Structure formats: structure tokens, C-alpha cells
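Residues per chain, in single letters:
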Amino acid sequence: MSLKSTAYDLVKRHPGARLALRRSLRTCKAALYRLRTAGIRPDPHVILFCSYHGKSAACSPRAIYDRLLTMPEYDGFRFVWAVESPERFPALAAQSRTTLVPFGTQAFERAMAGAGYWIFNITLPEHISPGKGQVYLQCWHGTPLKRLGFDIQETDNAMNSLGEIRRKYRLEGEKVDYFLSPSPFASRCFRSAWQLERWGKGDAILEAGYPRNDALVNPPPGTVERVRRELGIPPDKRVLLYTPTFRDDRHISGEGYAYDPAVDFHALQEALGEAYVILFRAHYLVASRFDFTAYQGFVLDVSHVEQINDLYLVSDVMLTDYSSTMFDFAVLRRPILYYMYDLQRYREHLRGFYFDLDELPGAILTRPEQLLPAIRESEHFVWDDKWEAFRRRFAPMEDGHAAERVIHAVIKER
């Protein structure tokens, strides 16, 4: 077992030691951050973007960045992207006003200190907080079905106790200047989960819609044809997008969260292989590697695709469980199936939900044998009043102009 795996295993089994270690590391890292960035003043015309801890350059931060590049009034601004592997993003590097820095490095810390704006879709590193002259926009990355932060009442999380989860959310809630929300429903959840009122951030919510969904309303011409071609999807086949989320209690020391697909792909291939292609999209926290070679041409692992919107646009039906992808996919007015094979455990021991699942307009499936009939039925899908009520409640502001609203509200022409 590696030293990293041993350390992870130790902190999983000893919450007290884990808490003390994390507190010490945070204090030490914060002191080093202040030392390394001493004397750096934030430039009000520099914006730093980061999505999924540098794993990609996507989601709402990317949509805001792309829109800024087209707006003449922001020609004087410069941009920084924090990514894990800068060499993976040649298109960003080619932009004359854009610099890439490796996420988590000293160069990243100096870039953070020198930027007037921070735009993230995930929590900041715990040891870094915005200083004077800096504005922090938290875009988050989805409408919540499962409870978050202070709203979680019980958890079997493998890496964090309930107290530790709430501490992380408190640290983040105290930092935000703006917290992006796509709906009144999400606004209530975010205020509660991060206890924004408690930290004096009750006015931080910016209810403007998710910029990442602008491309679902106004997709670039030729997107569907391009994505189908790149993924090798035959023109005569329907596409099912499978987007399961991770399980808080499934963690492998030194690697990350694990997930084992609970779908009988063999049975589905026998029944649907001539007519369908399944796109499998793992949650960004899942470290598992998936081998679908036995289903070659039928199941495609698309977890690596940078822009999930591309997958939404080429898909005829979504199969998910508790993932927030359901709310974004509803913008397209296409069928959604919910495969919740571990519903009781997820509801009672892992997270719990923000609303009664009876409000979901699609079929809730709990057994493998229900999948095939439900997929067949989706071929005759009709968008009715229940589906429209769902979209209006959870995605009421997705009109293709969210990025513009966010930019005008947050980024000042100074």
C-alpha cells in the first residue's frame, strides 16, 4: 500500500485525527499562501476561472469566459484559467488574452492573488480566501435534488463526518460575494445549505440562470452532427445518455470515489443494440475506470468529453439517478428516466432529498427489469403539463442569456 493510500485509510478510520490533521494543514497552507503572495495586488481587469478543481475548463465558468470574449466592452480584460494539465487546452492557450496556470501550484496561488475576479463552479481551496479588491463568484454546478451542507441530517460519507461537511460549507459560505442560482427553488437550497444569512451573505444569491445552459437554448450550428461524428454514433441510432452520480460511502483510499454501474448492459444490448447507443457519463468525482469493451459500439464511455452540453444535445433520452443533470436536460424537453436502485439507502443514510420524489415527472425505476420497458416507452414521449411544471420550477430562467446577465451583474468595467 502506498504512503498516500495509508494516510487516506488512517484518516477514514480515525475522525479525530483527520480533523486535527486537516486543521493543521489548512493553517499551514494559509500561512504559506500569505507569504508567497505578499506584495501582490489584485488587478481589477484580470479574471481567474476554474471548474471542477481544474479537471476541465467547462460548465458556467467556461460559458461566462466564452461570452466575455465576444463583448467589446471587456476588451481590456485579461483571463487566467486554472487547470490540472495546461497542455490539454491548446484552444485556451491560443487566446492572446488568456493565460493557463497549473491548478494547486505556487503559480496558481500567485495568479489567484493577482486576479480581481474569481469565477469557480466548485469550492475554493480551503486555505485561500479573497482579499481586498477581489470579487468571488461561486457558480456551483447544478440544481440540488440531494441535500447539501447544513441541510444534511445524516450521512455515511466515507471521508467526512456531518460536522466536517458543515465546516467545509461554512468556510465557503463566508467567502462568497455572489452565489449563482438558476431558480427560486435553488436559491432557497443554497441559502440554507451554506447558511448564507448566518455569515452575513444573505444578499449574495444572484438568480440569473446557469450560463452553461445558454448553449442548450442556442446551440452552435452543426453541434449535433459534429458530436455524433466525433463519438462515432451511427446516424440511424437513438441515443440514451446515462448519468449516475457518485455514492458518498464508496471511497477507495488514495484514489477517490468508486462507482459500479448497476445496469445490465448485456441484457440491454441484446434487446436494443440494433437501435440504440448508450453514452455513459460518470460523475467528475468518480475515480473508477470503466471497461465497456464487451459492449463495443453499444456503450461508449464519454466521461472524458469536456462539454456535457454536447452530450445532452445528441441524446434522445436521459437515464439518471439523483444527478442534477436531470434539471439541465429538462431544458431540451426530452424524456428522463430515474434509475434509483438504492433509493431507500440513499434517502435515509447518504443524503436525503430537497423535495418529494413524487414530483419527478418521469418514471422512477428501482429494479433492473423495469429499464427495458421504460426505455421503449420513452420512444413515445409527450411533453405534457407535468413536465412543463417541472421545467418551470427548476429551470425557469434558461433563455440563452444567462451569461450576459451574470457578467453585467458581477464584472464592472473599472
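All of the points below concern the structure found in this document. (Residues numbered from 1 in each chain as written. Predicted model: local features only at pLDDT ≥ 70, side-chain atom pairs only at ≥ 80, totals over all residues. Heavy atoms only, no water.)

1. A word on the environment of Arg188
As a reminder, the rule being used: Helix and strand definitions here come from DSSP, where helices need a minimum of 4 consecutive H or I residues and strands a minimum of 2 consecutive E residues; each element is numbered from the N-terminal end. Burial classes: relative accessible area under 20% of the type maximum marks a residue as buried, over 50% as exposed, and values in between as partly exposed (1.4 Å probe, protein chains only).
Structurally, the position occupied by Arg188 is in helix H7 (residues 184–193). Arg188 gets classed as exposed once you look at its relative accessible area, which sits at 52%. Distance from Arg188 to Ile205, taken between C-alpha atoms, is 9.3 Å for residues 17 residues apart in sequence.

2. Details of the packing of aromatic side chains
Put simply, the test is: Side-chain rings of Phe, Tyr and Trp, where Trp is taken by its six-membered ring, are said to pair if the distance between their centres is within 6.5 Å; with planes under 30 degrees apart they count as stacked, over 60 as edge-to-face, and otherwise as tilted. Criterion for a charge above a ring: Lys NZ or Arg CZ within 6 Å of the ring centre, and within 35 degrees of the ring normal.
Applying the stated criterion across every chain, the model contains 35 aromatic pairs. The interplanar angle of 50° and the centroid separation of 5.8 Å between the aromatic rings of Phe265 and Tyr295 together place this pair among those described as tilted. Residue Phe265 is located in helix H10 (residues 265–272), and its partner Tyr295 is located in the loop between strand S11 (276–280) and strand S12 (299–301); the two are separated by 30 residues in the primary sequence. Summarising the burial analysis for this pair, Phe265 and Tyr295 share the class buried. Ring geometry for Tyr339 against Tyr341: centres 5.3 Å apart, planes inclined by 50°, an arrangement best described as tilted. According to the relative accessible area criterion, Tyr341 is partly exposed, its value standing at 29%. Clustering of aromatic rings is evident, with ring pairs tying together Phe185, Phe327, Phe355, Phe381, Trp383, Trp387, Phe390 and Phe394. For the cation-ring pair, Arg212 lies above Tyr210, with the distance from its terminal atom to the ring centre recorded as 5.0 Å. The side chain of Arg393 reaches across the aromatic face of Phe355, ending 5.6 Å from its centre.

3. Description of the nonpolar core
In a soluble, globular protein the nonpolar side chains are often hidden away together inside. For the record, the criterion: As used here, the term nonpolar core means buried Ala, Val, Leu, Ile, Met, Phe, Trp, Tyr and Cys residues forming a set that is joined through side-chain atoms within 4.5 Å. Note on contacts: a residue pair is in contact if any heavy atoms of the two residues lie within 4.5 Å.
Among the nonpolar cores identified, the biggest contains 102 residues, and Trp118, Leu279 and Ile411 are the most heavily contacted of them. Excluding residues that lie within four positions of it along the chain, Leu279 makes contacts with Leu231, Ile233, Val239, Leu240, Leu241, Tyr242, Leu300, Val302, Leu311, Val314 and Ser315. In this structure, Leu268, Tyr276, Phe280 and Tyr339 belong to the second largest nonpolar core, which totals 22 residues.

4. As for the pattern of salt bridges
How we decide: A carboxyl oxygen of Asp or Glu within 4 Å of a side-chain nitrogen of Lys or Arg is what we treat as a salt bridge.
Under the defined criterion, the tally for this structure stands at 19 salt bridges. Arg391 is the salt-bridge partner of Glu388, the closest N and O atoms lying 2.7 Å from each other. Residue Glu388 and its partner Arg391 are both found in helix H15 (residues 385–394); the two are separated by three residues, about one turn of the helix. Assigned by exposure class, Glu388 and Arg391 land together as buried. Notably, a salt bridge pairs Asp399 with Arg405, separated by 3.0 Å at the nearest N-O pair.

5. Considerations on the side chain of Thr98
On the secondary structure map, Thr98 appears in strand S3 (residues 98–102). Beyond its immediate chain neighbours, meaning those up to four positions away, Thr98 contacts Tyr65, Phe79, Trp81, Leu92 and Ala93.

6. Considering the sheet that holds strand S8 (residues 238–243)
Where we set the bar: Strand pairing requires that DSSP identify at least two bridges connecting the strands.
Spatially, S12-S11-S8-S13-S14-S15 is the arrangement adopted by the six strands of the open sheet, whose pairing is parallel. The open sheet terminates on both sides in strands that have one partner only, identified here as S12 and strand S15 (364–365). With three bridges connecting them, strand S13 (residues 317–320) and strand S14 (residues 336–339) associate as parallel partners. Within S14, the position partnered with Met318 by the bridge is Ile336.

7. What about unusual backbone geometry?
Although it is not a glycine, Tyr52 sits at a positive phi angle of roughly 50°. Examined against the element boundaries, Tyr52 turns out to sit in the loop between strand S1 (43–50) and helix H3 (59–68). Overall, the relative accessible area of 16% leaves Tyr52 in the buried class. Positive phi, close to 60°, is recorded for Cys59, a residue that is not glycine. In this structure, Cys59 sits in helix H3.

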